[in-house]
Amino acid sequence: MNIESIIFSYLLTFLVFLIVDLLWLGVIAKGIYQKYLGGFLSDKVNWTAAFIFYFIFVLGISIFAIYPSVNKNSINNAILMGALFGFFTYATYDLTNLATLKSWPLSIVFIDIIWGSVLSAFVSFSGFYIVKLLT
């Protein structure tokens with residue numbers, strides 16, 4: 001696989017992550033987060049920080065789920081490892097917040113961990129096929 005294919009597959013996978021997560025945050029679960037985290041939410045999104053997170057997160061999914069699964073030629077491995085990557089990363093974030101922030105809602109911990117697992121599994125699934133298509 002050449003560097004252009006790697007970069008292009010990364011950018012397409014990034015786009016999948018961005019679209020699905022923004023749909024979740026901005027439409028599907030917007031009311032949930034407003035209800036439980038209204039006091040924690042900023043009036044204005046810090047897009048620089050958000051995009052840095054997205055770039056790093058998709059890189060992590062690529063390194064730990066997509067490319068090892070492509071090498072094994074296993075979509076099931078991509079889904080499983082993506083789900084586990086999402087589970088561990090979102091659990092780290094939410095459980096740290098639960099441990100250190102006043103009134104961090106327990107329901108958000110469960111919602112976020114499930115969402116992170118599902119999102120990462122879906123992005124790994126998509127990324128697997130994107131990489132396979134471009135190689």
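On a predicted model such as this, the values are computed, not experimentally measured, just so you know.

Engineer: Where do I start with the overall build of the protein in this structure?
Structural biologist: Assigned secondary structure in the protein consists of five helices and zero strands. Counting from the amino terminus, the protein carries its helices and strands in the arrangement α-α-α-α-α. The C-alpha atoms of the protein give 16 Å as radius of gyration, which agrees with the globular expectation for 135 residues (14 Å, within 12%). Expressed along its principal axes, the backbone C-alpha trace of the protein runs to roughly 45 × 25 × 25 Å. Looking at the 135 residues of the protein, the share that counts as buried comes to 39%. The contacts of the protein with a sequence gap of at least 6 include a subset with a gap of at least 24, amounting to 79%. Of the accessible surface of the protein, which amounts to about 8,000 Å², a share of 73% is contributed by carbon and sulfur atoms.

Engineer: How should the nonpolar core be read in this particular structure?
Structural biologist: Counting residues in each nonpolar core, the largest one holds 31 residues, and the members touching the most others are Phe17 and Ile61. Among the secondary structure elements, those contributing two or more residues to this core are α1 (3-28), α2 (30-37), α3 (47-72), α4 (75-100) and α5 (106-134). In this structure, Phe17 is in contact with Phe53, Tyr54, Phe57, Val58, Ile61, Tyr90, Leu119 and Val123, ignoring residues within four places of it in sequence.

Engineer: Explain the packing of aromatic side chains to me, please; I cannot follow it from the model alone.
Structural biologist: Aromatic ring pairs are described here by two measures, namely the spacing of the ring centres and the angle between the planes. All chains considered together, the criterion is met by 22 aromatic pairs. Ring centres 5.2 Å apart and planes at 40° place the aromatic pair Phe53 and Phe57 in the tilted group. In this pair, Phe53 and Phe57 are both assigned in helix α3, four residues apart and thus about one turn of the helix distant. The exposure class of Phe57 is buried, given its relative accessible area of 5%. Here the aromatic rings of Phe64 and Phe85 are separated by 6.0 Å at their centres, their planes lie at 20°, and the arrangement is stacked. Here Phe85 lies in helix α4 and Phe64 lies in helix α3, a separation of 21 residues in the sequence. Through successive ring pairs, a cluster of aromatic residues spans Tyr10, Phe14, Phe17, Trp47, Phe51, Phe53, Tyr54, Phe55, Phe57, Phe64, Phe85 and Tyr90.

Engineer: Got a minute to help me understand α3 in this structure?
Structural biologist: The α-helix winds at 3.6 residues per turn, so residues separated by three or four positions along the chain end up facing the same way. If you check α3, its first and last C-alpha atoms are 36 Å apart, about what 26 residues at 1.5 Å a residue would give, namely 38 Å. Bending of α3 peaks at approximately 45° at the position of Ser62. Those residues of α3 hidden inside the fold are in contact with α1, α4 and α5. With a side-chain oxygen lying 3.3 Å from the backbone nitrogen of Thr48, the N-terminal cap of α3 falls on Asn46. The positive-phi residue at the C-terminal boundary of α3 is Asn73, with phi of around 55°.

Engineer: I tried to follow the UniProt feature "transmembrane region" (unreviewed entry) in the protein on my own but got confused; where do I start?
Structural biologist: In the numbering used here, UniProt assigns the feature "transmembrane region" (unreviewed entry) to residues 7-27, 47-67, 74-93 and 113-131. Secondary structure over residues 47-67 splits into 100% helix and 0% strand, and the C-alpha atoms at its two ends are 28 Å apart. Each end of residues 113-131 is marked by a C-alpha atom, and these two atoms are 26 Å apart; helix forms 100% of the span and strand 0%.

Engineer: Could you clarify how one ought to interpret the side chain of Asn77 in this entry?
Structural biologist: Examined against the element boundaries, Asn77 turns out to sit in helix α4. Sequence-distant contacts of Asn77, defined by excluding residues within four places in its chain, comprise Pro68, Ser69, Lys72 and Gly82.

Conventions adopted
- Residues numbered from 1 in each chain as written.
- Predicted model: local features only at pLDDT ≥ 70, side-chain atom pairs only at ≥ 80, totals over all residues.
- Heavy atoms only, no water.
- Helix = DSSP H or I, 4+ residues; strand = E, 2+ residues; numbered from the N terminus.
- Rg over C-alpha atoms; globule rule 2.2 N^0.38 Å.
- Buried < 20%, exposed > 50% of the residue type's maximum accessible area, 1.4 Å probe, protein only.
- Contact = heavy atoms within 4.5 Å.
- Areas by Shrake-Rupley, 256 points an atom, 1.4 Å probe, with all protein chains shown as cover.
- Core = buried A, V, L, I, M, F, W, Y, C linked by side-chain atoms within 4.5 Å.
- Phe/Tyr/Trp six-rings, centres within 6.5 Å; stacked < 30°, edge-to-face > 60°.
- Expected span 1.5 Å × (residues − 1).
- Bend = angle between axes of the 7 residues up to and from the residue.
- Polar contact = N/O pair within 3.5 Å; in protein donor to acceptor, adjacent residues only side chain to side chain.
- UniProt positions renumbered as here; feature names shortened; annotations may be inferred.

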